[in-house]
Amino acid sequence: MEQISFHSNPFLLSLLALFPVILFAVIKNKTKSKKRKLPPSPTKLPIIGNLHQISNLPHKSLHDLSLKHGPFMFVNLGTTPCLVVSSADALEEMTKNHDITFSNRHTNTGISPLTGNGQDLLFNTHGDQWKQIRKISVLHLMSKNVVNRFQTVRDEEISSILETINLSSKKGEEIDMSYMFNTMLTNVFHRSYTGSYQRGEMRGLERATRNFLSCDGKLKKLLGSFCFEDFLPSLALLDRFTGFTTLKKTTYSEMDDVMESLINERKKESFVDVLLHQRDNAKLDYDVKAIMQGILIAAVDSTGLELDWLLADLIKHPQVMRKAQEEVQRVVGTKSKISSNEIDQMHYLKCVIKETLRMHPPGIIPRQTSSEWIKVGGYDIPPKTIILVNLFSVQRDAKYWENPHDYIPERFLEKNIEFMGNKGYVPYGFGRRNCPGMAYGNTLLEEVMANLLYHFDWKMPDGSKPEDLNMDEVSQFLVARKYPLKLIPVQRFKSNA
Ligand code: HEM
């Protein structure tokens, strides 16, 4: 057998020479990872991690767990570790020190087709492409200027729902306000996307609106379903048997058809037209349909669920409803149309909207850190960690909100708290990844609510009382009302609406 000679083997020789360096690196690495301090975590079970401690309302379960384990807490959703951020100070620290690092979003299996392989706006990695898409979208769809340009579109769509509500009021029938809100919002955004300023042009979009509402319903069901691939990847095959895979396929195929019809209905220089033009002429590489569907869902679903909560909160608190109605009446007088100047004077209504957005934010915001370790709250957070910012906990943080679980719009009269830049109040998100549709969303909330309060009183169906209104929630990525809001409208002035 040939003897191994260190002298004649240059590889072994260099290994020998490098040995002290390698040893030093190994020891350094070991002591470093030993020194790493991960956030506290509830006790985990093998395979499922902390899934057994999380109900079908994750924002509430995670809130309860955070009361025991702290504002930075590690939970394992199946095999996936996540950092849950649950207080105003914790979020402030993340945003102040690590805004860029955690400006990526986490996706899951149900959402992945929405992202167009990461070529959309909502789920794109933070970087140049995301910046370009966001700039185009704000400039051509969401800026204050564009919101003003589409004033007549909103006026027409709001008048249209007022007419329908009026008919129900004459018959004394109940009306499904949740459905009404979603239809109106889809019409508004379809017209804003395609530049259909004339209501006549809406005819071509009626089918698209019906189809969008149908597949948006399927999408919510999909996002509310358990997905093995996300939590227990080794059992991913089971998704085929639960119906998850089929539902995902049909939902996105129908959504694609809706985007196709919006592209066909587009007018020159509309948002959709600009997206296509920039992609083809300015050679910007992105997925037009993915951008369109992502923003449409963000716009319709978030604004729709907040309108639902707003009206429900007012039903549940009749004295707040009365106060808001008195203000609207005082400002508008006896006119039949409410102007934006008049809405600017409705200070109490604005507080009502702020309080509903505090109590019922759209849900948990999923982010993801970049490829570096970060330190927060004295803990070390590994690269590529999924971050779940629990807005429910942040906006009910007792350090910043007195009686945080009570509905008190007056708290906003006493303090000047805006949608951005206040600790413990982030209904439109935070940092550079915040909601670019805030101006559009908030304008819609104000205009719709001012009109509903001005023209109608609202009664519970079947003679039930306001306190009987069911306020249960459902979590389908966003946290919405579990049951549609069905009410009986009562016209306030015979000649109006
Ligand atoms: C009351 C209505 C709305 C609420 C409460 C709301 C809330 C939010 C929240 C909390 C986020 C996550 C922000 C973050 O990660 O920090 C978000 C993102 C987003 N929202 Fe809204 N939103 C509303 C309406 C709208 C509207 C009307 C549009 C479009 C016209 C829109 C478009 C978007 C987009 C595109 C994003 C993702 C931005 C990005 O990742 O760069 N939203 N929204």
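Our subject is the structure that appears above.
In this report, the structure presented in the accompanying data block is examined.

Each value, and the rule that gives it
Residues numbered from 1 in each chain as written. Predicted model: local features only at pLDDT ≥ 70, side-chain atom pairs only at ≥ 80, totals over all residues. Heavy atoms only, no water. Donors = N, O, S within 2.8 Å, 3.2 Å for Na, K, Ca; no water. Helix = DSSP H or I, 4+ residues; strand = E, 2+ residues; numbered from the N terminus. Expected span 1.5 Å × (residues − 1). Buried < 20%, exposed > 50% of the residue type's maximum accessible area, 1.4 Å probe, protein only. Arc of directions from axis to C-beta. Pairing = 2+ DSSP bridges. Core = buried A, V, L, I, M, F, W, Y, C linked by side-chain atoms within 4.5 Å. Contact = heavy atoms within 4.5 Å. Near = heavy atom within 4 Å. Polar contact = N/O pair within 3.5 Å; in protein donor to acceptor, adjacent residues only side chain to side chain. Nonpolar A, V, L, I, M, F, W, Y, C, P; charged D, E, K, R; others polar. Axes fitted to C-alpha atoms, helices over the stretch in contact; angles between N-to-C directions. Parallel < 35°, antiparallel > 145°, perpendicular 65-115°, else oblique. Left-handed = near helix turned anticlockwise from the far one by under 90°.

With that settled, the discussion passes to the coordination of the iron atom of the ligand. Of all protein atoms, Cys435 (SG) alone acts as a donor to the iron atom of the ligand, lying 2.3 Å away. With respect to the helices, strands and loops of the structure, Cys435 is situated in the loop between α18 (411–414) and α19 (438–455).

Time to look at helix α4 (residues 128–142). In this model α4 runs 20 Å from its N-terminal to its C-terminal C-alpha over 15 residues, within 8% of the 21 Å that 1.5 Å per residue would give. Residues of α4 that are buried include every one of Gln129, Trp130, Ile133, Arg134, Ile136, Ser137, Leu141 and Met142, and no others. Down the axis, α4 shows its buried residues gathered within 165° of arc, on one side only. Those residues of α4 that are exposed and angled more than 90 degrees off the buried face are Asp128, Lys135 and Leu139.

Backbone hydrogen bonds are what pair the strands of a sheet, in a parallel or an antiparallel way. As summarised here, the arrangement of the 3 strands in space is β4-β12-β9, forming an open sheet in which the pairing is antiparallel. Sheet topology places β4 (175–176) and β9 (456–459) at the edges, where each strand pairs with a single neighbour.

Our next topic: the nonpolar core. Counting 103 residues, the largest nonpolar core has Met177, Tyr193, Met292, Leu311, Met346, Leu452 and Trp458 as its most contacted members. Considering every element that reaches this core, the biggest residue donor is helix α13 (residues 288–316), with 14 residues. Ignoring anything within four residues of it in the chain, the contact list for Met177 reads Ile165, Asp308, Leu311, Leu452, Trp458 and Leu485. In this structure, Phe72, Val85, Met94 and Ile387 belong to the second largest nonpolar core, which totals 19 residues.

The subject of this paragraph is the site of the ligand. If you check the shell around the ligand, you find 27 residues, and the closest are Arg105, Arg134, Arg367, Arg433 and Cys435. The contact in question runs from an oxygen atom of the ligand to an N or O atom on the side chain of Arg134, over 2.9 Å. Within the contact set of the ligand, an oxygen atom lies 2.9 Å away from a side-chain nitrogen or oxygen of Arg433. Sorting the residues of the shell around the ligand by element identifies α4, α13, β5 (364–368) and α19 as the ones contributing at least two each. Split by residue class, the shell around the ligand holds 16 nonpolar, 6 polar and 5 charged.

Looking now at the packing of helix α7 (residues 177–194) against helix α8 (residues 203–223). Where α7 meets α8, the closest approach of the two axes is 10 Å, and the angle between their N-to-C directions is 120°. Taken together, the axes of α7 and α8 lie oblique to each other. Relative to α8, α7 is oriented so that their crossing is right-handed. Together, Tyr179, Asn182, Thr183, Thr186, Asn187, His190, Arg191 and Thr194 of α7 and Leu205, Ala208, Thr209, Phe212, Leu213 and Lys220 of α8 make up the contact between the two elements.

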